[in-house]
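What the coordinates show
Chain residues, written in single-letter form:
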Amino acid sequence: MISTPEPGREPGQDLDKYWMEQALLLAQQAAEAGEVPVGAVVVLDGEIIGQGLNSPISGVDPTAHAEINAIRDAATKIDNYRLLDTTLYVTLEPCAMCAGAMVHARVGRVVYGACEPKAGALESRQNFLASPWLNHRVEQVGGVLAERCSQQLSNFFKQRRAQRKG
């Protein structure tokens, strides 16, 4: 498991940036594998307990988003399907499927980087987590290292378009 330089610190902007850096590294791995570069980590008590990267193409699994993979990894590591008091860091605003998974897993907080204008379910297209019928509330923070997260995605798609033309 990866620890922060100062384990146990309260969530804050510097700490959020630190964990988002870890998610960006995973997103780079996804890009290198030919997947859309999205990475995610689940943090509990200053340690990564779950990590995931986008793998729907290589895994032949439409649900294999970075968030879902990180949630599955975390649940397995702590041997509990409830991820109470955790924070999920992800480089791209989650979709409705991933937002629903966070509610079911009882994630305490989600921090994301870039907004997803086409399918983002936390602010871009809707605010799923504010739905009154949900039985669990997930705190959300957006825009952490947004420029870097967005640039990573833009570079990936720019390279992909160039490959198709060439």
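Structure: above.
Summary of the structure given here. Given the structure is predicted, the values throughout are model-derived calculations rather than measurements.

**Let's talk about the overall build of the chain**
Along the backbone of the chain there are four helices and five strands. Seen in sequence order, the chain has helices and strands lined up from the N terminus as α-β-β-α-β-α-β-β-α. What you see for the chain is a C-alpha radius of gyration of 15 Å, in line with the 15 Å of a compact globule of 166 residues. Seen through its principal axes, the chain has C-alpha atoms that stretch 50 × 40 × 30 Å. Per-residue burial over the chain gives 48% buried out of 166 residues. Across the chain, the fraction of contacts at a sequence separation of at least 24, relative to all contacts at a separation of at least 6, is 57%.

**Topic: the nonpolar core**
Judged by nonpolar contacts, the single largest core of 47 residues is most densely connected at Leu88, Met102, Val110 and Leu129. At the level of secondary structure, the elements contributing two or more residues to this core comprise helix H1 (13-32), strand S1 (39-44), strand S2 (47-53), helix H2 (66-78), strand S3 (87-92), helix H3 (96-105), strand S4 (109-114) and helix H4 (146-165). Not counting residues up to four positions away in its chain, the partners in contact with Leu129 are Ala99, Val103, Val110, Leu122, Leu134, Arg137, Val138 and Gln140.

**So, the side chain of Asn54**
Here Asn54 shows up in the loop between S2 and H2. One polar contact links the side chain of Asn54 to the main-chain carbonyl oxygen of Val36, over a distance of 3.3 Å. When residues no more than four places from it in sequence are discounted, the contact partners of Asn54 are Ala30, Glu35, Val36, Val38, Ala64, His65 and Ala66.

**Thoughts on the sheet that holds strand S5 (residues 139-141)**
Read from one edge of the open sheet, five strands run S2-S1-S3-S4-S5, paired in mixed fashion. Edge positions in the sheet fall to S2 and S5, since each of these pairs with one other strand and no more. For this sheet, the mean inter-axis angle between neighbouring strands, taken without regard to orientation, is 15°. Across four bridges, S1 lies against S3 in antiparallel orientation. Within the sheet, the bridge partner assigned to Val41 lies in S3 and is Tyr89. The sheet strands contacting H2 are S1, S2 and S3, and the helix crosses S2 at an angle near 140°. Sitting on the sheet, H4 is in contact with S3 and S4, with an inclination near 60° to S4.

**Details of the pairing of S4**
Counting buried positions along S4 yields six of six residues, so the element is predominantly enclosed. Bridge count for S3 against S4 is five bridges, and the pairing is parallel. Residue pairing across strands places Leu92 opposite Ala114, the latter belonging to S4. Sheet topology note: the S4/S5 ladder contains three bridges and is parallel. The residue of S5 that forms the bridge with Val111 is Val141.

What counts and how
Residues numbered from 1 in each chain as written. Predicted model: local features only at pLDDT ≥ 70, side-chain atom pairs only at ≥ 80, totals over all residues. Heavy atoms only, no water. Helix = DSSP H or I, 4+ residues; strand = E, 2+ residues; numbered from the N terminus. Rg over C-alpha atoms; globule rule 2.2 N^0.38 Å. Buried < 20%, exposed > 50% of the residue type's maximum accessible area, 1.4 Å probe, protein only. Contact = heavy atoms within 4.5 Å. Core = buried A, V, L, I, M, F, W, Y, C linked by side-chain atoms within 4.5 Å. Polar contact = N/O pair within 3.5 Å; in protein donor to acceptor, adjacent residues only side chain to side chain. Pairing = 2+ DSSP bridges. Axes fitted to C-alpha atoms, helices over the stretch in contact; angles between N-to-C directions.

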